[in-house]
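Geometric and topological summary
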Amino acid sequence: IGPKMAYICEAVAWDPEIPSGIGVDTHMHRLFNLLGWVKSKTPEQTRLQLQSWLPLEKWKTVNLLWVGFGQQVQQQKEVALKQALSTGRPDKALHLLKRCGVDLK
């Protein structure tokens, strides 16, 4: 298996207090570049840049939170838009979607 799956397996199966790395997939890589959190050309570069500034206690959850979001934003835009409109703060949710490259027209 590659590094992404190794980090995810470690976090899920062994549940260490601090995992040895962040599993970054293509969706996360694209989103984090769009958001300006990193400036990288590969998911591995994204992982290294994230790990350089993201607090260690966030490493376990960052993948779980962003992989599904990234898949929806990039593959199921209608679902993401419906969910954004049904939140308590649709204006903020739509702003995030726009920053992530979703065409709101």
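Nothing here was measured: the structure is a model prediction, and the numbers come from that model. (Residues numbered from 1 in each chain as written. Predicted model: local features only at pLDDT ≥ 70, side-chain atom pairs only at ≥ 80, totals over all residues. Heavy atoms only, no water.)

**Some points on the overall build of the protein**
To keep it simple, the criterion reads: Only DSSP runs of H or I covering at least 4 residues are called helices, and only runs of E covering at least 2 are called strands; the numbering of each starts at the N terminus. Each residue is assigned to one of three classes by its accessible area relative to the maximum for its type, calculated with a 1.4 Å probe on protein chains only: buried under 20%, partly exposed between the two thresholds, exposed over 50%.
When helices and strands are counted, the protein shows 6 helices and 0 strands. Mapped in sequence order, the helices and strands of the protein form the string α-α-α-α-α-α. The principal-axis extents of the C-alpha atoms in the protein amount to approximately 40 × 25 × 25 Å. By residue count, 35% of the 105 residues in the protein fall in the buried class.

**Examining the environment of Gln72**
The condition that has to hold: We call two residues contacting when some pair of their heavy atoms lies within 4.5 Å.
Inspection of the secondary structure assignment puts Gln72 in helix 4 (residues 59–75). Taking the C-alpha atoms as reference points, Gln72 and His27, 45 residues apart in sequence, are found 9.4 Å from one another. For Gln72, the residues in contact, after removing those within four places along its chain, are Lys77, Val79, Ala80 and Gln83.

**Regarding the pattern of salt bridges**
Let me state the cut-off plainly: Salt bridge, as used here, is a side-chain nitrogen of Lys or Arg placed within 4 Å of a carboxyl oxygen of Asp or Glu.
Summed over all chains, the structure comprises 2 salt bridges. The closest approach of N and O atoms between Glu44 and Arg47, which form a salt bridge, is 2.4 Å. Here Glu44 pairs with Arg47, and both are found in helix 3 (residues 43–53), just 3 residues apart, close to one helical turn. On the basis of relative accessible area, Arg47 is assigned to the buried category, the value being 9%.

**Some points on the nonpolar core**
Counted only if it meets this: We call a set of buried Ala, Val, Leu, Ile, Met, Phe, Trp, Tyr and Cys residues a nonpolar core when their side-chain atoms join them within 4.5 Å.
Core analysis: the biggest nonpolar cluster contains 20 residues, and Ile22, Met28, Phe32 and Trp66 have the highest contact counts within it. Residue assignment for this core shows that the elements contributing at least two residues are helix 2 (26–34), helix 4, helix 5 (77–85) and helix 6 (90–99). Residue contributions to this core peak at 5 residues, all from helix 4. Residues within four places of Ile22 in sequence aside, it is in contact with Tyr7, Met28, Arg47, Leu50, Gln51, Leu54, Trp59 and Val62.

**Digging into the packing of helix 2 against helix 4**
Short version of the rule: The axes used here are C-alpha line fits, helices contributing only the stretch in contact, and every angle between their N-to-C directions lies in the interval 0 to 180 degrees. Roughly parallel refers to an angle under 35 degrees, roughly antiparallel to one over 145, roughly perpendicular to one between 65 and 115, and oblique to any angle outside these ranges. Throughout, the ten residues Ala, Val, Leu, Ile, Met, Phe, Trp, Tyr, Cys and Pro are labelled nonpolar, Asp, Glu, Lys and Arg are labelled charged, and all others, Gly among them, are labelled polar.
Where helix 2 meets helix 4, the axes come as close as 8 Å, and the angle between the chain directions of the two elements is 85°. Considered as vectors, helix 2 and helix 4 are oriented roughly perpendicular to each other. Between helix 2 and helix 4, the residues in contact are His27, Met28, Arg30, Leu31 and Phe32 and Val62, Asn63, Trp66, Val67, Phe69, Gly70, Gln71, Val73, Gln74 and Gln75, respectively. When the residues that make up the contact of helix 2 with helix 4 are grouped by side-chain class, the tally is 8 nonpolar, 6 polar and 1 charged.

**Section: the packing of aromatic side chains**
Aromatic ring pairs: the centre-centre distance and the angle between the two ring planes describe each pair. Defined as follows: Here is the rule: rings of Phe, Tyr and Trp (six-membered ring for Trp) pair when centre to centre is within 6.5 Å. Planes less than 30 degrees apart are stacked, more than 60 are edge-to-face, and the remainder are tilted.
Applying the stated criterion across every chain yields a total of 5 aromatic pairs. Seen in terms of ring centroids, Phe32 and Trp66 are 5.3 Å apart; in terms of plane orientation they differ by 70°. Their pairing is edge-to-face. Remark: Trp66 occurs in helix 4 and Phe32 occurs in helix 2; sequence separation between them is 34 residues. Trp66 carries the same exposure label as Phe32, and that label is buried. With a centroid separation of 5.2 Å and 75° between ring planes, the pair formed by Trp37 and Trp66 is classed as edge-to-face. Of this pair, Trp37 sits in the loop between helix 2 and helix 3 while Trp66 sits in helix 4; the two residues are 29 residues apart in sequence, bridging distant segments of the chain. Owing to a relative accessible area of 14%, Trp66 belongs among the buried residues under this scheme. Three or more aromatic residues joined by ring pairs form one cluster here, namely Phe32, Trp37, Trp53, Trp66 and Phe69.

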